[in-house]
Amino acid sequence: MCNTGIHDDISILDIDNPFPGSISYYLPLCSSTMDVARRLSSTALYGLVRTGEQSNGRGRLPGRLWHGSKEESLLVTMWLPIAAFGDAPPPLLAGLALKRACESWASEHGLSFTKGLNLKWPNDLLCDGRKIAGLLCETSGSTVYVGVGLNCLQEEFPTGFNTDPGSIYMQTGKKPELNDMAAGLAKAFHGLLGAPSGWKNEYESAMAWRQRRVCFVPGIDSPPVHGILLGIDDGGSIIMSLDGEPTRRSFASGELRRY
């Protein structure tokens, strides 16, 4: 057990984390790994906290929660210095790391995501149109916190979601070990330190609905616009060719939807 003064039941998580001096933690239940990570990040420059269950995991947009059954999803928040992201927007680099981690796990087990993995800008991982993971990035001072909810072991889901959910098991037929996935995510992040050249092309090649007609909502109270999704600019904003407009437009935030 670890005496952090935060949770009596928190312990050191024994995984291979390649970041120098990093510490990995585990606790069976918490309100949100993002909240716990903010308090634990004073213990190391790099680190992560994984939980078996969240009571109040939150999504990127107000009012959206992350639902995960006990020990069926990888629920983790990593923290890194903002300098580790180079010039890349943290949510996009985090999406690439998550995609790489899932693909590496599948490859190591002689499996594949036959429908491919796609990144729904800015923070979802899709497979065959189903959402298998969501990301939430928050910055405080010089530290970036990357929250991940990755569906791993689920065999089915209830209905009523905005996007039909899926899981690694549903897509590959194998249930991964959650600690292995946490270690793989840390390794994938380490491989993207400083945003190596080519990250933008890699992201664009994985973008869901690129070169297709989409609906985009620029803000909560803004009317939707329609057009062709072209890619992203150097700052991570999406670029669209809107219906009836002669020039391309970029958007730094908002919600993409299939047309």
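Being a predicted model, the structure only gives us computed values, none of them experimental. (Residues numbered from 1 in each chain as written. Predicted model: local features only at pLDDT ≥ 70, side-chain atom pairs only at ≥ 80, totals over all residues. Heavy atoms only, no water.)

A. Seen up close, the sheet that holds strand S6 (residues 124–127). With respect to topology, 8 strands assemble into an open sheet ordered S1-S2-S3-S4-S8-S7-S6-S5, the strand pairing being mixed. Pairing within the sheet leaves two strands with one partner each, and these edge strands are strand S1 (11–12) and strand S5 (117–120). The sheet contact formed by S5 and S6 spans 4 bridges and is antiparallel. The partner of Asn-118 across the bridge, within S6, is Leu-126. (Pairing = 2+ DSSP bridges. Helix = DSSP H or I, 4+ residues; strand = E, 2+ residues; numbered from the N terminus.)

B. Region of interest: the packing of helix H2 (residues 90–108) against helix H5 (residues 199–206). The contact between H2 and H5 brings their axes to 10 Å, and the two run at 70 degrees. Taken together, the axis directions place H2 and H5 in an arrangement best described as roughly perpendicular. For the pair H2 and H5, the crossing hand works out as left-handed. For the pair formed by H2 and H5, the contact residues are Leu-92, Leu-93, Leu-96, Lys-99 and Arg-100 on the first element and Trp-199, Glu-202, Tyr-203 and Ala-206 on the second. A per-class count over the contact of H2 with H5 returns 6 nonpolar, no polar and 3 charged. (Axes fitted to C-alpha atoms, helices over the stretch in contact; angles between N-to-C directions. Parallel < 35°, antiparallel > 145°, perpendicular 65-115°, else oblique. Left-handed = near helix turned anticlockwise from the far one by under 90°. Contact = heavy atoms within 4.5 Å. Nonpolar A, V, L, I, M, F, W, Y, C, P; charged D, E, K, R; others polar.)

C. Just the sheet that holds strand S13 (residues 255–258), in detail. If you trace the 5 strands from one edge of the open sheet to the other, you get S12-S11-S10-S9-S13, paired in antiparallel fashion. Since the sheet does not close on itself, it has two edges, and those belong to strand S12 (249–251) and S13, each with one partner. Sheet twist, expressed as the mean angle between neighbouring strand axes with direction ignored, is 50 degrees. Where strand S9 (residues 213–217) lies against S13, 4 bridges are found, and the strand directions are antiparallel. Looking across to S13, one finds that Phe-216 is bridged to Leu-256.

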